[in-house]
Amino acid sequence: MRVIIHGIRNCDTIKKARNWLDVNGIAHDFHDYKVSGIEAETLQAWVRRAGWETLLNRHGTSFRKLPDARKQDLDEARAIELMLAEPSMIRRPVLTRGNLLVIGFEPARYTKALLV
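In this text, all values refer to a predicted model and were calculated from it rather than measured experimentally. Sequence order as written defines residue numbering, which begins from 1 separately in each chain. Totals for whole chains, interfaces and linings use all residues, but because this is a predicted model, local features are given only for residues with pLDDT of at least 70 and pairs of side-chain atoms are given and counted only at 80 or more. Remark: hydrogens and water are excluded; side-chain values derive from all non-hydrogen atoms of the structure.

**Q** Explain the packing of aromatic side chains residue by residue, including any values.
**A** Under the pairing criterion, centres of Phe, Tyr and Trp rings, with the six-membered ring standing for Trp, must be within 6.5 Å; the plane angle then separates stacked pairs below 30 degrees from edge-to-face pairs above 60, leaving the rest tilted. Inspection of every chain in the model, using the stated rule, returns two aromatic pairs. Consider the rings of Trp-20 and Tyr-110, whose centres lie 5.4 Å apart with planes at 90°: the pair is edge-to-face. With Trp-20 in helix α1 (residues 12-23) and Tyr-110 in helix α8 (residues 107-114), the pair connects residues that are 90 residues apart, well separated along the chain. No difference in accessibility class separates Trp-20 from Tyr-110, as the two residues are buried. Considering the side-chain rings of Phe-105 and Tyr-110, the 4.8 Å spacing of their centres and the 85° angle between planes classify their relative orientation as edge-to-face. The helix count covers DSSP runs of H or I at least four residues long, the strand count covers runs of E at least two residues long, and both are numbered beginning at the N terminus. Throughout this description, buried means an accessible area under 20% of the type-specific maximum (1.4 Å probe, protein chains only), exposed means over 50%, and partly exposed covers the range between.

Here you go:
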């Protein structure tokens, strides 16, 4: 089964993760949220497995620019709504392969998940 890396093409972390995959000879497909969006079912499945708190990128510009009223009292449903409306609020990268789900890029985690 092929690795899919989900994110935004011009994201520096995506570039680092894709480079790591290339250097380690791991073939992968790239799913660009800006071009293809994200399906609600896919995002909901990730939330069930990893939690919305893990997936919601609260440090990014898109989230920080939200009015304070939209950032308060977040719960799973509201977080999913925000991420669907603005996929750049999804923490990057999200790496999948079959049942494998890795959120964020850390070389040691990629090594453990893909090479060991």
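**Q** Talk me through the environment of Asn-10; I want residue IDs and the actual numbers.
**A** Looking at where Asn-10 falls in the secondary structure, it is placed in the loop between β1 (3-7) and α1. On the accessibility criterion, Asn-10 (58% relative accessible area) is exposed. Each C-alpha atom of the pair Asn-10 and Asp-32 lies 9.7 Å from the other, and the pair is 22 residues apart in sequence.

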